[in-house]
Amino acid sequence: MSGAACIANIGLAQRRRRFWPGVVSLVLGVGHGIAVVAFSLTPLLLLPAAVLLFAGFTGVFQAREKT
């Protein structure tokens with residue numbers, strides 16, 4: 001929709017509640033992934049890192065797009 005105004009449906013407090021847990025999830029996911037690779041653990045242990053990264057990206061993008 002070109003020319004249409006985009007109105008955010010969440011306020012600043014809700015964006016913060018999505019953004020900071022998202023950042024924490026991203027940091028934990030990256031840290032977990034690095035630890036699994038550094039200690040040569042089984043690749044199956046990367047699944048929790050994938051979940052954390054997905055949750056983190058979701059939170060950060062929702063906060064950024066104000067949805």
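Our structure's up above, just so we're on the same page.
Residues numbered from 1 in each chain as written. Predicted model: local features only at pLDDT ≥ 70, side-chain atom pairs only at ≥ 80, totals over all residues. Heavy atoms only, no water.

Caption draft 1: Structural view of helix H1 (residues 12-38). Taking 1.5 Å as the rise per residue, H1 with 27 residues should run 39 Å; its terminal C-alpha atoms sit 39 Å apart, in good agreement. Inspection of H1 places Arg15, Gly22, Ser25, Leu26, Gly29, Gly33 and Val36 among the buried residues, and these make up the whole buried set. Just past H1, the residue Ser40 takes up positive phi, approximately 50 degrees. (Helix = DSSP H or I, 4+ residues; strand = E, 2+ residues; numbered from the N terminus. Expected span 1.5 Å × (residues − 1). Buried < 20%, exposed > 50% of the residue type's maximum accessible area, 1.4 Å probe, protein only.)

Caption draft 2: Representation of helix H2 (residues 47-65) in the model. Between the first and last C-alpha of H2 there are 27 Å, a value that for 19 residues agrees with the 27 Å anticipated at 1.5 Å per step. Listed in full, the buried residues belonging to H2 are Ala49, Gly56, Gly59, Val60 and Ala63. For H2, the angular spread of buried residues about the axis comes to 100 degrees, placing them on one side. Exposed residues lying more than 90 degrees from the buried face of H2 are Leu47, Val51 and Phe54. Contacts from the buried residues of H2 go to H1. (Arc of directions from axis to C-beta. Contact = heavy atoms within 4.5 Å.)

Caption draft 3: How the structure looks around unusual backbone geometry. Phi is positive for Ser40, close to 50 degrees, though the residue is something other than glycine. Here Ser40 shows up in the loop between H1 and H2. For Ser40, a relative accessible area of 66% corresponds to the exposed category. The backbone phi angle of Lys66 is positive, close to 60 degrees, even though this residue is not glycine.

Caption draft 4: Spatial organisation of the packing of H1 against H2. Where H1 meets H2, the axes come as close as 7 Å, and the angle between the chain directions of the two elements is 150 degrees. By the angle between their axes, H1 is roughly antiparallel relative to H2. At the point where H1 passes H2, the crossing takes the left-handed sense. Where H1 approaches H2, its residues Arg15, Arg18, Phe19, Gly22, Val23, Ser25, Leu26, Leu28, Gly29, Val30, His32 and Gly33 are matched on the opposing element by Pro48, Ala49, Leu52, Leu53, Ala55, Gly56, Phe57, Gly59, Val60, Gln62 and Ala63. Along the lines of polarity and charge, the residues of the contact of H1 with H2 split into 13 nonpolar, 8 polar and 2 charged. (Axes fitted to C-alpha atoms, helices over the stretch in contact; angles between N-to-C directions. Parallel < 35°, antiparallel > 145°, perpendicular 65-115°, else oblique. Left-handed = near helix turned anticlockwise from the far one by under 90°. Nonpolar A, V, L, I, M, F, W, Y, C, P; charged D, E, K, R; others polar.)

Any functional reading would require information that these geometric values do not contain.
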